[in-house]
Amino acid sequence: MHTPLNQTWDLDVFFPGGSESPQFASFLNDLDGDIAAFRASLEKASSPQTAGDSAGFKALIDQYQGILKRIREADSFVGCLAADNQKDKKAVQLGGKVKTLYADFLASLTRLDPVITGTPDDVWSALLEQEGLREIAFPLNERRVQAKEKLPPEQEALISDLAVDGYHGWNDLYNTTVSQFRMVVEENGERQELSAGQAFNRLHTPELAKRTELFNQWEEAWAEKADFAAEALNHIAGFRLQVYKQRGWDSVHKEPLEINRMSKQTLDVMWDVITRNKGVLVDYLNRKAQLLGLEKLAWADVDAPLEGGTKTVGYDEGAKLIVDQFRDFSPRLADYAAEAFENRWIEAEDRAGKRPGGFCTSFPLAKQTRIFMTYSGTLNNLSTLAHELGHGFHQYLMDDMPALAQEYAMNVAETASTFAELIVSDAAVKAAVSDDERIVLLEDKIQRAVAFFMNIHARFIFETNFYDERRKGLVSADRLSELMVQAQKEAFNDSLSAYHPHFWAAKLHFYATDVPFYNFPYTFGFLFSAGIYARALEEGTAFEDKYAALLRDTGSMTVEELAHKHLGVDLTQPDFWQSAVDTVIEDVNEFMRLTEGKVK
């Protein structure tokens, strides 16, 4: 008899005892000392003036990479503890300690910048040809360029220090607010108190009246938290804007574009192509409204399941389905996923006390990953699970690389995850045994396109407009809701009957202080992966090695260079983006054909 998979993760393999772990306390203590030693080394360091001066510089970079891996290990551990149990106050305290250590590390790194910028160009080029530096030439060059655009090291160090209790503190306040979120619902005559994650999962019920009631409760619950959320959002944005002002940066998109190693031209072309093709998705939304017996969809109905779309997939069944479908494309991806399921690398249990959402995080010292989500068996849960496994596989392919070469950006991270989703969803559509099943599965795929082309676009428009207003002063909770609805109407071509005013409060991505504009990289990843997937279908399993090579390069070049090297395409032109959008249009056209006879 098959033993059911364990749905809780194993964190003791890293540091036994959770937030009370003496080993973890010792790990942080040692890390603190080594960061101080690194700072002392940097204070004595001077810029290499000849290629023969490389030994000292290489030693600094080795220290840099060693500390970077350990901070990532510590951050992943406390992040997992806090997500797993939002009542674990010690985990929150440890999270604060790790943030402080990271800020100290970043402050120390500002002293590396004059060492890098003070190296003559010819010496710098020669240094980067040497073994041990050649493999990380791209991120080192990137740092050299960016250092020249920032404030003097002392001022950048001060910003990092002040950010702990200022900038990042507001993110912590928001997380505390979310941890206290409760929504009371009646289920079979009993009152239940739901966390944010549990409540969000309930919003996708097929019953219209129940769905509308739950969504209204969800809106009301976030309205009660709106003043706290508005306070946090305003001060996070205010801190960012002041830093940008001091650096002389005039665009709020400059930092997120640099982080994602992409040009504004690429971003603008991507959104332009999407906007020109939204009419097809509006047709789909209108058809879905007809199928649900509605004149128009409301926000709460966009993700609602169609009739026959409430099928649930057990965790073990879902695991097997994912591994099997991965194997048809990539044995290495399938083997990674099987290991994650069998070795308890995944926290999927549906229980109270967990934070909402899903994530994948890496432990670079242990060379393992951990995946977090709440699995209740929906098709959306299955997609999320495949998505996070894609993230994990990306990291798995890079485990043997230098720490700096592993620092890939969010947009290409979302490429690997979305690619994994596509494998699962496309295989499921092809394996459908009836038109009704095919409709449900196609609809699940198209829903994701709606999310990336419309929902994510609304977030991007909202944040851009919010920052424009924030420059003039604080923005009230009511005004934030107005801006949110305006953005949603623009992004959805005003095709819905009702919107989600407090989405800005409910979506934790707006409050992430480590990644500004936590939105457009998802859309980039979705479309980039669609283009890669089309190549994979053409070439079959022979594409596996090319795909692995592309992922391994994600920390070592811009996205434009990556696309040119591995796909032979120009991301600053509309052709590639249109070809990727065309894959969505094909799905919508098939959905419209299959559902034509089902509406009056």
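So, here is what we can say about the structure in this document.

What counts as what
Residues numbered from 1 in each chain as written. Predicted model: local features only at pLDDT ≥ 70, side-chain atom pairs only at ≥ 80, totals over all residues. Heavy atoms only, no water. Helix = DSSP H or I, 4+ residues; strand = E, 2+ residues; numbered from the N terminus. Rg over C-alpha atoms; globule rule 2.2 N^0.38 Å. Buried < 20%, exposed > 50% of the residue type's maximum accessible area, 1.4 Å probe, protein only. Contact = heavy atoms within 4.5 Å. Areas by Shrake-Rupley, 256 points an atom, 1.4 Å probe, with all protein chains shown as cover. Lys, Arg positive; Asp, Glu negative; His and termini not counted. Charge placed at Lys NZ, Arg CZ, Asp CG, Glu CD. 1 Å grid on protein atoms, 1.4 Å probe; cavity = no way out; pocket = protein on both sides within 12 Å on 5 of 7 lines; lining within 4 Å. Points joined across faces, edges and corners; volume = space filled by probe spheres on them. Nonpolar A, V, L, I, M, F, W, Y, C, P; charged D, E, K, R; others polar. Pairing = 2+ DSSP bridges. Axes fitted to C-alpha atoms, helices over the stretch in contact; angles between N-to-C directions. Expected span 1.5 Å × (residues − 1). Parallel < 35°, antiparallel > 145°, perpendicular 65-115°, else oblique. Left-handed = near helix turned anticlockwise from the far one by under 90°. Phe/Tyr/Trp six-rings, centres within 6.5 Å; stacked < 30°, edge-to-face > 60°. Lys NZ or Arg CZ within 6 Å of the ring centre and 35° of its normal.

Quick look at the overall build of the chain
- Across its full length, the chain carries 24 helices and five strands.
- Radius of gyration (C-alpha) of the chain: 24 Å, near the 25 Å computed for a compact globule of 600 residues.
- Expressed as lengths along the three principal axes of its C-alpha atoms, the size of the chain is roughly 80 × 55 × 50 Å.
- Going through the 600 residues of the chain one by one, you find that 56% of them count as buried.
- Summarising the internal contacts of the chain: among those between residues at least 6 apart in sequence, 78% fall at separations of at least 24.
- Carbon and sulfur atoms form 49% of the exposed surface of the chain, whose accessible area is close to 25,000 Å².
- Of note, the chain has its 62 positive side-chain charges centred 1 Å away from the centre of its 92 negative side-chain charges.

Looking at empty space enclosed by the protein
- Enumeration according to the criterion identifies two cavities of 30 Å³ or more in this entry.
- Looking at the largest cavity, its volume works out to about 70 Å³.
- Taken together, the elements giving at least two residues each to the lining of the largest cavity come down to α16 (379-398), α17 (410-430) and α18 (435-470).
- Its residues assigned to classes, the lining of the largest cavity shows five nonpolar, two polar and one charged.
- Reported here for the second largest cavity is a volume of approximately 30 Å³.
- As for the second largest cavity, its lining consists of N277, V280, L281, F453, V581, V584 and I585.
- If you list the elements that add at least two residues to the lining of the second largest cavity, you get α13 (278-291) and α24 (574-595).
- It is α24 that provides the largest number of residues to the lining of the second largest cavity, a total of three residues.
- Taken together, the residues of the lining of the second largest cavity break down into six nonpolar, one polar and no charged.

Quick word on the sheet that holds strand β3 (residues 346-347)
- Pairing is mixed across the open sheet formed by three strands, whose spatial order is β3-β5-β4. Taken across any chain shown, the strands that pair with only one partner, and hence form the sheet edges, are β3 and β4 (359-363).
- Pairing of β4 with strand β5 (residues 368-372) involves five bridges; the strand directions are antiparallel. For C360, the partnering residue across the bridge sits in β5 and is I371.
- Helix α2 (residues 54-84) contacts β3, β4 and β5 of the sheet and is inclined by roughly 140° relative to β4.

Notes on helix α14 (residues 315-329)
- The terminal C-alpha atoms of α14 lie 22 Å apart, and with 15 residues this matches the ideal 21 Å at 1.5 Å per residue to within 8%.
- Burial in α14 covers these residues: Y315, G318, A319, I322, V323, Q325, F326 and F329.
- Contacts from the buried residues of α14 go to α15 (331-342), β3, α16, α17, α21 (520-539) and α22 (544-552).

Describing the pairing of β5
- Within β5, five of the five residues are buried, which leaves it mostly tucked inside the rest of the structure.
- In β5, alternate side chains face the same way, and those of Q368, R370 and F372 on one face and T369 and I371 on the other are all buried.
- Pairing between β3 and β5: two bridges, direction parallel. Considered in β5, the bridge of I346 is made with I371.
- The turn linking β4 back onto β5 is made up of four residues, and K367 within it adopts a positive phi angle of 55°.

Points about the packing of helix α7 (residues 153-165) against helix α8 (residues 167-179)
- At a minimum axis distance of 4 Å, the contact between α7 and α8 shows a crossing angle of 20°. Considering their axes alone, α7 and α8 lie roughly parallel with respect to each other. Crossing handedness for the pair α7 and α8: right-handed. Contact residues: α7 offers L162, A163, V164 and D165, while α8 offers Y167, H168 and G169.

Comments concerning the packing of aromatic side chains
- A complete count under the given rule lists 47 aromatic pairs for this structure.
- In this structure, K254 is placed above the aromatic ring of W249, and the distance from its NZ or CZ to the ring centre is 5.2 Å.
- The positively charged end of K354 is found above the aromatic ring belonging to F372, 5.0 Å away from the centroid.

A short note on the pairing of strand β1 (residues 183-187)
- Where β1 meets strand β2 (residues 190-194), five bridges bridge the pair, whose relative direction is antiparallel. Paired with V185 across the strands is Q192, a residue of β2.
- What sits between the antiparallel neighbours β1 and β2 is a turn of two residues, in which N188 has the positive phi angle 55°.

Shape is all these values report; function is a separate question.
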